[in-house]
Amino acid sequence: MTTTTPVPENTRARSQGSADPSGAPAGQIAPPPKMRRRPALIALSVVLVCVGALVSAFAFQSMSNSQEVLTVRETIHRGQVIDADDLVTVRIGMDPALQAVPASSSEAVVGKYAALDIVAGGVVTAEQVTDAAVPSAGNSVVGVSVTAAMLPAGQVRSGDDVRIVSTTAGGGDAAEPAAVEGVVVGVTTDTVTGNTLVNVQVSADDAPQVASASAEGSAAIVVDSQE
């Protein structure tokens, strides 16, 4: 007698080469979907790379041009002796035309006089330092206290050539007021009176006249041409 054994359904399916719902043969992995190219993102990536390269180049160039120079902690007025404690070393990018004093040359600055006012945080340059004392030989420095009406507004600065005019001197209505030539070596504000205190270097012979006019409140400052 012959006995027939039924074939399992899964075996029958494999033998007949049935396909899965995706259309791929059984046991075969479907290929990954194709990625879509996005030109905008590609262009943006290129731009970012270029910008990064430019920033790096600029930073490298800045570091290459920087140098250690001398600056001042607080404002140093013209004629003031420069001490070591007044100086600070900083590294910054500098224009060679500025002639800043290198930090390694501090000995060429300490003990010298400020030829001009050096504001706090300002870079020390060669033209701001001098060996000559203020006042120089044969001259004196006189502090002239003047009201706002007795000097040009915002025009008086250290280094200016000026005349100190006594508004009461002269001896008559037709007489020309007495005037003394000088050089401004400092300008400050009197916090008590509100007047402007102008330190002026004048001839030692003229100093008593200027001091007297200042004490009487009759001194006026005239700024002359700086050319």
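This text gives an overview of the structure that appears in the document. In this text, all values refer to a predicted model and were calculated from it rather than measured experimentally.

### Topic: a nonpolar patch on the surface
Item 1. A cluster of nonpolar side chains, Leu41, Leu44 and Leu48, forms an exposed patch at the surface whose accessible area comes to about 300 Å².
Item 2. With respect to the helices and strands, the residue Leu41 is situated in helix α2 (residues 39–65).
Item 3. Taking relative accessible area as the criterion, Leu41 reaches 47% and is therefore assigned partly exposed.

### Describing the nonpolar core
One recurring pattern in soluble globular proteins is that nonpolar side chains are buried together.
Item 1. Among the nonpolar cores identified, the biggest contains 19 residues, and Val144, Ile164, Val202 and Ile221 are the most heavily contacted of them.
Item 2. Elements supplying a minimum of two residues to this core: β5 (139–146), β6 (161–166), β7 (179–189), β8 (196–203), α3 (207–216) and β9 (219–223).
Item 3. Setting aside its immediate chain neighbours within four residues, Ile221 contacts Val144, Val146, Met150, Leu151, Pro152, Val156, Val162, Arg163 and Ile164.
Item 4. Ile82, Leu87, Val124 and Val129 belong to the second-largest nonpolar core, a separate cluster that totals 12 residues.

### Section: the pattern of salt bridges
Item 1. A full pass over the atoms with the stated rule returns three salt bridges.
Item 2. With a shortest N-O distance of 3.1 Å, Asp131 and Lys112 are connected by a salt bridge. With Asp131 in the loop between β4 (129–130) and β5 and Lys112 in the loop between β2 (87–93) and β3 (113–114), this pair connects stretches of sequence that are 19 residues apart.
Item 3. A relative accessible area of 59% places Asp131 in the exposed class.
Item 4. Given a relative accessible area of 26%, Lys112 falls into the partly exposed group.
Item 5. Here Arg163 and Asp224 are joined by a salt bridge, their closest N and O atoms 3.2 Å apart. With Arg163 in strand β6 and Asp224 in the segment after β9, the pair connects residues that are 61 residues apart, well separated along the chain.
Item 6. Assessed through its relative accessible area of 32%, Arg163 is described here as partly exposed.

### A short note on the environment of Ser158
Item 1. With respect to the helices, strands and loops of the structure, Ser158 is situated in the loop between β5 and β6.
Item 2. By relative accessible area, Ser158 is classed as buried at 17%.
Item 3. For the pair Ser158 and Val185, spaced 27 residues apart in sequence, the C-alpha separation works out to 4.9 Å.
Item 4. Excluding residues within four positions of it along the chain, Ser158 makes contact with Arg78, Asp117, Val184, Val185, Gly186 and Val187.

### Comments concerning the pairing of β8
Item 1. Bridge count for β5 against β8 is eight bridges, and the pairing is antiparallel. Paired with Val142 across the bridge in β8 is Val200.
Item 2. Relative to β8, β7 runs antiparallel, the two being bridged by six bridges. The residue of β8 that forms the bridge with Gly186 is Asn199.

### Here's the deal with α3
Residues separated by three or four positions in an α-helix point in the same direction, a consequence of the helix having 3.6 residues per turn.
Item 1. Of all the positions in α3, only Ala207, Val210, Ala213 and Ser214 are classed as buried. Buried residues of α3, seen end-on, are gathered within an arc of 130° and therefore sit on one face of the element. In this structure, α3 carries Pro208, Ala215 and Glu216 as exposed residues pointing more than 90 degrees from its buried face.
Item 2. Contacts from the buried residues of α3 go to β5, β6, β7, β8 and β9.
Item 3. Downstream of α3 by one or two residues, Gly217 has phi in the positive range, about 75°.

### Comments concerning the sheet that holds β5
Item 1. The antiparallel open sheet is built from five strands, whose spatial order is β5-β8-β7-β6-β9. What marks the edges here is a single partner per strand, and that holds for β5 and β9. Across this sheet, the average inter-strand angle for adjacent strands is 40°, counted without regard to direction.
Item 2. Strands in contact with α3 are β5, β6, β7, β8 and β9; relative to β5, the strand with the most contacts, it is inclined by about 15°.

The rules behind these values
Residues numbered from 1 in each chain as written. Predicted model: local features only at pLDDT ≥ 70, side-chain atom pairs only at ≥ 80, totals over all residues. Heavy atoms only, no water. Patch = residues over 30% accessible without salt bridge, like charges linked within 9 Å, V, L, I, M, F, W, Y side chains within 5 Å. Areas by Shrake-Rupley, 256 points an atom, 1.4 Å probe, with all protein chains shown as cover. Salt bridge = Lys/Arg side-chain N within 4 Å of Asp/Glu carboxyl O. Helix = DSSP H or I, 4+ residues; strand = E, 2+ residues; numbered from the N terminus. Buried < 20%, exposed > 50% of the residue type's maximum accessible area, 1.4 Å probe, protein only. Core = buried A, V, L, I, M, F, W, Y, C linked by side-chain atoms within 4.5 Å. Contact = heavy atoms within 4.5 Å. Pairing = 2+ DSSP bridges. Arc of directions from axis to C-beta. Axes fitted to C-alpha atoms, helices over the stretch in contact; angles between N-to-C directions.

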